[in-house]
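# Examining the three-dimensional arrangement
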Amino acid sequence: MIAAIIVGLIAGWLAGKLVDGVGFGLIGDLLLGLVGGFIGGAIFGSPNGMIGAILVATVGAVILVWISHLIKRV
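This write-up is about the structure you can find in this document. (Residues numbered from 1 in each chain as written. Predicted model: local features only at pLDDT ≥ 70, side-chain atom pairs only at ≥ 80, totals over all residues. Heavy atoms only, no water.)

### A look at a nonpolar patch on the surface
Quick note on the threshold: Each patch is assembled from residues with relative accessible area greater than 30% and no salt bridge, linking like charges that lie within 9 Å and nonpolar side chains (Val, Leu, Ile, Met, Phe, Trp, Tyr) that lie within 5 Å. Exposure was quantified through the Shrake-Rupley algorithm and a 1.4 Å probe, taking into account, for residues, occlusion by the shown protein chains and nothing else. Here a salt bridge means any side-chain nitrogen of Lys or Arg lying within 4 Å of a carboxyl oxygen belonging to Asp or Glu. In DSSP terms, a helix is any run of H or I states spanning at least four residues, a strand is any run of E spanning at least two, and both are numbered starting from the N terminus.
Judged by side-chain polarity, Ile43, Phe44, Val59, Ile63, Trp66, Ile67, Leu70 and Ile71 come together as a nonpolar surface patch covering roughly 750 Å² of accessible area. Broken down by element, the residue count for the nonpolar patch peaks at six residues, all from helix α3 (residues 49–73). Residue position: isoleucine 43 is located in helix α2 (residues 25–44).

What follows is the structure in structure tokens.
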């Protein structure tokens, strides 16, 4: 459980950097990363290893941050 939280936090930070280079602030990016980790896991399944988990969670977080940016612009 702690490893999943750490992976989600790393994914949120990466997603904030990858999407438009501007995120929702450190806390917002980290929270989106936690939720994005669950989204990535639901889309791609459970990966093997820490690197795979970070990649899957980052993709999920990028999707969530991208959608959040679309909603925020409207």
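From this point on, the discussion continues.
### Some details on the nonpolar core
Keep this limit in mind: Take the buried residues of types Ala, Val, Leu, Ile, Met, Phe, Trp, Tyr and Cys, join any two whose side-chain atoms come within 4.5 Å, and each joined set is a nonpolar core. The cut-offs for exposure are 20% and 50% of the maximum accessible area for each residue type, with area from a 1.4 Å probe on protein chains only; residues under the lower value are buried, those over the upper are exposed, and the others partly exposed. Throughout, a contact is declared for two residues whenever any of their heavy atoms are within 4.5 Å.
Residues Val7, Ala11, Ala15, Val19, Leu32, Ile54, Ala57, Ala61, Leu64 and Val65 constitute the largest nonpolar core, which totals ten residues. Those elements giving two or more residues to this core turn out to be α1 (2–18) and α3. Element by element, the count of residues in this core is highest for α3, at five residues. Ignoring any residue separated from it by four or fewer positions in sequence, one finds alanine 57 in contact with Val7, Ala11, Gly36 and Gly37.

### Focus on the side chain of threonine 58
Tracing the backbone shows threonine 58 in helix α3. Residue threonine 58 is classed as buried on the basis of its relative accessible area of 8%. Beyond its immediate stretch of four places on either side in the chain, threonine 58 contacts Ala11, Leu14, Ala15 and Leu18.

### A word on the layout of surface pockets
Regions of empty space are outlined by a rolling probe, equal in size to a water molecule, passed over the atoms. Formally: Cavities and pockets were defined on a 1 Å grid built over protein atoms only: a cavity is a set of grid points that admits a 1.4 Å probe from which the probe cannot escape, a pocket is an open set flanked by protein on both sides within 12 Å along at least five of seven lines, and lining residues are those with an atom within 4 Å of any such point. Grid points are joined across faces, edges and corners, and a volume is the space filled by probe spheres set on the points. Three residue categories are used. Nonpolar comprises Ala, Val, Leu, Ile, Met, Phe, Trp, Tyr, Cys and Pro, charged comprises Asp, Glu, Lys and Arg, and polar comprises the others, including Gly.
Space inside the largest pocket adds up to approximately 340 Å³. Together, 17 residues line the largest pocket, and Ala4, Val7, Gly37, Phe38 and Ala57 are the ones closest to its centre. Secondary-structure elements contributing two or more residues to the lining of the largest pocket are α1, α2 and α3. Counting residues per element, the lining of the largest pocket draws most heavily on α1, at five residues. Taken together, the residues of the lining of the largest pocket break down into twelve nonpolar, five polar and no charged.

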